[in-house]
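Chain and residue survey
Here is what each chain is made of, one letter per residue.
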There are 4 protein chains.
Amino acid sequence: MSQAATKAKVKSRTASKQARKTQLIKATIRSIAKHGLSVTTMAIVAKEAGLSQGIINLHFQSKEKLLEETLRFVVDEYRNAWYKALESSGSSAANKLLAVTGVYFDKRICQRNKLAVWFAFWGESRSRPTYRKICAERDREYKHVLAGLCGEIIAEGKYDACADFAAFGLLAMCEGLWLDLLLTPVDMTAGQAEAVSLAYLRGIFPGHFPAN
Amino acid sequence: MSQAATKAKVKSRTASKQARKTQLIKATIRSIAKHGLSVTTMAIVAKEAGLSQGIINLHFQSKEKLLEETLRFVVDEYRNAWYKALESSGSSAANKLLAVTGVYFDKRICQRNKLAVWFAFWGESRSRPTYRKICAERDREYKHVLAGLCGEIIAEGKYDACADFAAFGLLAMCEGLWLDLLLTPVDMTAGQAEAVSLAYLRGIFPGHFPAN
Amino acid sequence: MSQAATKAKVKSRTASKQARKTQLIKATIRSIAKHGLSVTTMAIVAKEAGLSQGIINLHFQSKEKLLEETLRFVVDEYRNAWYKALESSGSSAANKLLAVTGVYFDKRICQRNKLAVWFAFWGESRSRPTYRKICAERDREYKHVLAGLCGEIIAEGKYDACADFAAFGLLAMCEGLWLDLLLTPVDMTAGQAEAVSLAYLRGIFPGHFPAN
Amino acid sequence: MSQAATKAKVKSRTASKQARKTQLIKATIRSIAKHGLSVTTMAIVAKEAGLSQGIINLHFQSKEKLLEETLRFVVDEYRNAWYKALESSGSSAANKLLAVTGVYFDKRICQRNKLAVWFAFWGESRSRPTYRKICAERDREYKHVLAGLCGEIIAEGKYDACADFAAFGLLAMCEGLWLDLLLTPVDMTAGQAEAVSLAYLRGIFPGHFPAN
DNA sequence: AATGAATGAGGGTTCATTCAT
DNA sequence: CATGAATGAACCCTCATTCAT
């Protein structure tokens, strides 16, 4: 049992409903990261949370609902980090772009365990419309914001580029680099992946992201 | 039963050992594409192939082996298309790069059903080392070839760019665009995705991929 | 929540121990009538009573005890109506017989919901000796009283009949008619069922139950 | 394990599909008779049949379907005996009535175990429309035939009676007597129950069923 | 080589019961 | 007294695998 699970064992019978749900969601994430989505069972999640079998159906109606809320949790957690970076990075569009790109490869977010969770859900998204919707919504939101930032930069620098294409390409590249980090962690570190994405930005917006 | 399954039935009598295995692998791919990996059972695959329950364990030792060989089949099929495009695209490095990029978004390859299969396997790759190895090997191979092509172009055009970074970025972007096509097919077509990747190439190698 | 349940909630604060038990028993009866015995769970009963989950095990030792007391309640309630009818029907044996027969098809008693409860318990009686005993005792008691009444009538009318047989037959017919009302309520009303039983009495004791 | 179950153990892997279904249905009946419907689980039925857990869902889609087919089996078995008696009892309506009444109390049919099965299903019929329909259909059929026979007898004997009422009463009495035999087997035997029903027939059709 | 009935371990889920509050 | 979150045994059902044919 992981350290987190052990800590969870120090439990009271009166944890707030939301706290207990979060506890179970986190146990689910750990299980997917460790064993994969297809191996993750109710029993494993419950044990990982240090709780009993029946508790999941007490707080979520079914395994499916648990997984949906888990996906939502992961998406929201990421989104929070994203907007936080966006807001705390000054007013320059270039700096903002740099900041949110950085989020993708942040040590706290870009861990193989977490990447495994993303790909686990993406892998199931074709056959589970709910997953697809949640992920699609997220993608659209990011694309919209990124296209806005790229648009500002293009206007400033009078670049011959399409804001949408630049934004879509950036997002796609970041997610594609996640795949690299998942599959070939030996060949590439998060830092190198970030460097690749920055090389992209430098390539299309050379005036705004000068080589260091 | 699909048309493909019906056709499979006809040839079942005289199928050689290898042909039977391929028949089952193709049925597996169809099932993953249609229902998802987690829903794909031995019974569904057998039915999709127009054959009986027990036959899979006769030709493959287990479900796991079937899935591994299926992944290998998908990877190989893709690789063949890749090299074919590479070879039939003349001697110019730029043309070759264009050709292999085109493969990613080729009508015959870039279909949601097939993308679903890729993501299904990637989604399980963290917890199944065998999947990971097969996919990782494929990635390394492509990266190596792409880096070579990018190196040639950089030398030709005297671009201020890193060949590895350009190649890694291209590959990552293409795979990231696949995710877009999987999640938000309404927002983006394969053609647009290809345009995004070409915009990338134009951005970093403007002399070799002029705007049309 | 039903109206009854809402009303129950209001009085819950000041309910005495026995009143609370009765409240739960009535909720049990409503649940069996509505959903059936096999679907009736502690949670449903508690909710129907407008009370909390754990309360049943506080007042009854187990679900089994609750069901036993519920059966006893139903039996007693019926018995009360029976003797009340018996006593308030004058001194003539024929009138008494008419009165208790009428109880079986009384609007207040002969409702499908209530019949469902009787048959639910009878259906389980084979495998639960306690149920069987309670029901058997009831049957014996009624048979004894009915046989006495039939005996009086036979003596009065000098009928060529066996008092026991007439009584057993009457009781059996009434309970068999309940089955009809349970299974084919469209084909037969309580009034018609009563007419059938009266036809029986007229048939065997023509002088005492003349055709109207 | 019962004798029947032991015999079932001498099994082949190629019993016909229908034979295996019947085997499971008979095991279900034994289980309901022994333990009651509410205690009857898939595991118990499978064990009683000398087969494995999963087999029930192989031949029936669900427990519910198994129970439905079991009820139908019981109903059909009874109906067969009923019509056989009807046909082999000569042409006289009175004899036919006697014969089918006899079926109710036949040693081979009127066993507590079998009665328990009937009442088990009746007890659930309120909450399971399918059960109710099957039982109701059966009741209607019998009532119709019995009313026809009673009509003939009434015409022959010029009795002052209603054919429907006589028939409904007879059927109800027989089923009510089953309840007696289920609840108070000590107080009454099948023979006595039959005598009660004959007393009824004699009472209403004295010319056709003379006292012996 | 091929079939498909049979197996049984293990999945998700329910629910009577317990217990800290 | 009363609550309701928590438990865990036992339910029904699925499905990879086996095996007699």
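What you are looking at is a predicted structure, and each value in this text was computed from that prediction instead of being measured.

**Regarding the overall build of chain A**
Across its full length, chain A holds 10 helices and 0 strands. Going residue by residue from the N terminus, the α and β elements of chain A occur as α-α-α-α-α-α-α-α-α-α. By principal-axis analysis of the C-alpha atoms, chain A measures approximately 60 × 35 × 30 Å. The buried share of chain A, taken over its 212 residues, is 52%. Put simply, 68% of the contacts in chain A that link residues at least 6 apart link residues at least 24 apart.

**Section: the interface of chain A and chain B**
Taken together, the contacts link 45 residues of chain A with 44 residues of chain B. If you look at where chain A meets chain B, you find 4 salt bridges. For the salt bridge of Asp180 of chain B with Lys143 of chain A, the shortest nitrogen-to-oxygen distance reads 3.3 Å. Sorting elements by how many residues they give to the side of chain A that touches chain B places helix α9 (residues 163–183) of chain A first, with 12 residues.

**Quick look at the relation of the copies chain C and chain D**
The operation relating the two chain copies consists of a rotation about an axis and a shift along that axis. The transform that puts chain C on chain D rotates by 179 degrees and translates by 0.0 Å along the axis, for an RMSD of 0.1 Å. Look at the turn and shift together and you get a two-fold axis relating the two. Counting the interface residues of chain C, we find that 100% of their copies in chain D are interface residues as well, pointing to one common contact surface.

**Focus: the protein's contact with DNA strand E**
Around DNA strand E lies a shell of 32 residues, among which Lys63 of chain A, Arg20 of chain B, Met42 of chain C together with Arg20 and His59 of chain D are the nearest. If you look at DNA strand E and keep only atoms within 4 Å of the protein, 70% of those are sugar or phosphate atoms. Take Lys63 of chain A: an N or O atom from its side chain is 2.6 Å from a phosphate oxygen of DNA strand E. Lys17 of chain D is positioned such that a nitrogen or oxygen atom in its side chain is 3.5 Å from a phosphate oxygen of DNA strand E. Those elements that provide at least two residues to the surface near DNA strand E are α4 (55–59) of chain B together with α2 (17–35) and α4 (55–59) of chain D. Here the residues of the surface near DNA strand E sort into 7 nonpolar, 17 polar and 8 charged.

**Quick notes on the domain arrangement of chain A**
Bring the parts together and some accessible area is lost; that lost area is often taken as the interface size. Residue and element names in this part refer to chain A. Each assigned domain of chain A is listed here: domain 1 (1–60) and domain 2 (64–212). Contact residues are listed per partner, giving 13 residues for domain 1 and 13 residues for domain 2. Counting each side, the surface lost to burial between domain 1 and domain 2 is near 1,200 Å², with a carbon and sulfur contribution of 86%. Linking Glu69 and Lys21 is a salt bridge whose minimum nitrogen-to-oxygen distance equals 3.2 Å. On inspection of domain 1 and its partner domain 2, the count reaches 1 residue pair in polar contact (both at pLDDT 80 or more). Per-element accounting of the side of domain 1 that touches domain 2 gives the leading share, 9 residues, to helix α2 (residues 17–35).

**A look at the packing of aromatic side chains**
Residue and element names in this part refer to chain B. Scanning the model with the defined rule gives 64 aromatic pairs over all chains in all. Ring centres of Trp122 and Trp178 lie 6.3 Å apart, and the angle between their planes is 25 degrees; this geometry places the pair in the stacked category. Here the residue Trp122 occupies a position in helix α7 (residues 112–125), and Trp178 occupies one in helix α9 (residues 163–183), the gap between them amounting to 56 residues. One exposure class covers both Trp122 and Trp178, and it is buried. Sitting over the face of the ring of Tyr78, Arg138 holds its NZ or CZ atom 5.0 Å from the ring centroid.

**Some points on the relation of the copies chain A and chain B**
When chain A is fitted to chain B, the residual RMSD is 0.1 Å, and the transformation amounts to a turn of 179 degrees plus an axial shift of 0.0 Å. When the interface residues of chain A are mapped onto chain B, 98% of them again fall at the interface, so both copies present the same face.

**With respect to the interface of chain C and chain D**
In this assembly, 44 residues from chain C lie in contact with 45 residues from chain D. For the pair chain C and chain D, the summed buried area comes to about 3,800 Å², and 62% of that belongs to carbon and sulfur atoms. On the chain C side of the contact with chain D, Arg126, Phe165 and Leu183 of chain C bury the most area, a combined 18% of that side's loss. Our enumeration of links across chain C and chain D arrives at 4 salt bridges. Applying the counting rule to chain C against chain D returns 13 residue pairs in polar contact (both at pLDDT 80 or more). Of all the elements in the fold, those that place two or more residues in the side of chain C that touches chain D are α2 (17–35), α7 (112–125), α8 (129–157), α9 (163–183) and α10 (190–204) of chain C. In terms of residue class, the side of chain C that touches chain D is built from 22 nonpolar, 11 polar and 11 charged.

**With respect to the arrangement of the chains**
Nothing in chain B touches chain C, and the closest approach of their C-alpha atoms is 31 Å. In this view chain A stays clear of chain D, with the nearest C-alpha atoms of the two still 21 Å from each other.

**Considering the protein's contact with DNA strand F**
Taken together, 33 residues are adjacent to DNA strand F, and Arg20 and His59 of chain A, Met42 of chain B, Arg20 of chain C together with Lys63 of chain D come closest. Close to the protein, within 4 Å, the atoms of DNA strand F are drawn from sugar and phosphate at a rate of 71%. Within the side chain of Ser52 of chain A, one N or O atom sits 2.9 Å away from a phosphate oxygen of DNA strand F. The set of elements that each furnish at least two residues to the surface near DNA strand F consists of α2 and α4 (55–59) of chain A together with α4 (55–59) of chain C. Looking at the surface near DNA strand F residue by residue, the class counts come to 7 nonpolar, 18 polar and 8 charged.

**Comments concerning unusual backbone geometry**
Residue and element names in this part refer to chain B. The residue Lys158 is not glycine, and still its phi comes out positive at about 50 degrees. Relative to the helices and strands, Lys158 resides in the loop between α8 (129–157) and α9. Under the relative-accessibility criterion, Lys158 is labelled exposed at 74%.

**Here's the deal with the side chain of Glu68 of chain A**
Along the chain, the position of Glu68 of chain A falls in helix α5 (residues 63–87). In this structure, Glu68 of chain A is in contact with Thr130, Tyr131 and Ile134 of chain A, ignoring residues within four places of it in sequence.

**What to know about the nonpolar core**
Within the largest apolar cluster, 152 residues are counted, with the highest numbers of intra-cluster contacts made by Leu97, Trp178 and Phe205 of chain A together with Trp82, Leu97, Trp178 and Phe205 of chain B. For this core, the leading source of residues is α9 of chain A, giving 15 residues. Counting residues in hydrophobic clusters, the runner-up holds 151 residues, among them Ile56 and Leu149 of chain C together with Ala99 and Ala172 of chain D.

**Describing the packing of α8 of chain B against α9 of chain B**
All names here are of chain B. Look at α8 against α9: their axes get within 7 Å of each other, and the N-to-C directions meet at 125 degrees. Taken as axis vectors, α8 and α9 run oblique relative to one another. For the pair α8 and α9, the sense of crossing is right-handed. From α8, Arg138, Asp139, Tyr142, Lys143, Leu146, Ala147, Cys150, Gly151 and Ile154 reach across to α9, where they touch Ala163, Asp164, Ala166, Ala167, Phe168, Leu170, Leu171, Glu175 and Trp178. Of the residues belonging to the contact of α8 with α9, the class tally is 12 nonpolar, 1 polar and 5 charged.

**Let's talk about α9 of chain C**
In an α-helix there are 3.6 residues to a turn, and that puts residues three or four apart on one side. Over its 21 residues, α9 of chain C runs 30 Å from end to end, which matches the ideal 30 Å to within 8%, given 1.5 Å per residue. Within α9 of chain C, 19 of the 21 residues are buried, leaving the element largely enclosed by the surrounding structure.

The rules behind each value
- Residues numbered from 1 in each chain as written.
- Chains lettered and ligands numbered in written order.
- Predicted model: local features only at pLDDT ≥ 70, side-chain atom pairs only at ≥ 80, totals over all residues.
- Heavy atoms only, no water.
- Helix = DSSP H or I, 4+ residues; strand = E, 2+ residues; numbered from the N terminus.
- Buried < 20%, exposed > 50% of the residue type's maximum accessible area, 1.4 Å probe, protein only.
- Contact = heavy atoms within 4.5 Å.
- Salt bridge = Lys/Arg side-chain N within 4 Å of Asp/Glu carboxyl O.
- Least-squares fit on C-alpha atoms with pLDDT ≥ 70 in both.
- Near = heavy atom within 4 Å.
- Polar contact = N/O pair within 3.5 Å; in protein donor to acceptor, adjacent residues only side chain to side chain.
- Nonpolar A, V, L, I, M, F, W, Y, C, P; charged D, E, K, R; others polar.
- Domains from an automatic or database assignment.
- Buried area = accessible area lost by both parts, 1.4 Å probe.
- Phe/Tyr/Trp six-rings, centres within 6.5 Å; stacked < 30°, edge-to-face > 60°.
- Lys NZ or Arg CZ within 6 Å of the ring centre and 35° of its normal.
- Core = buried A, V, L, I, M, F, W, Y, C linked by side-chain atoms within 4.5 Å.
- Axes fitted to C-alpha atoms, helices over the stretch in contact; angles between N-to-C directions.
- Parallel < 35°, antiparallel > 145°, perpendicular 65-115°, else oblique.
- Left-handed = near helix turned anticlockwise from the far one by under 90°.
- Expected span 1.5 Å × (residues − 1).

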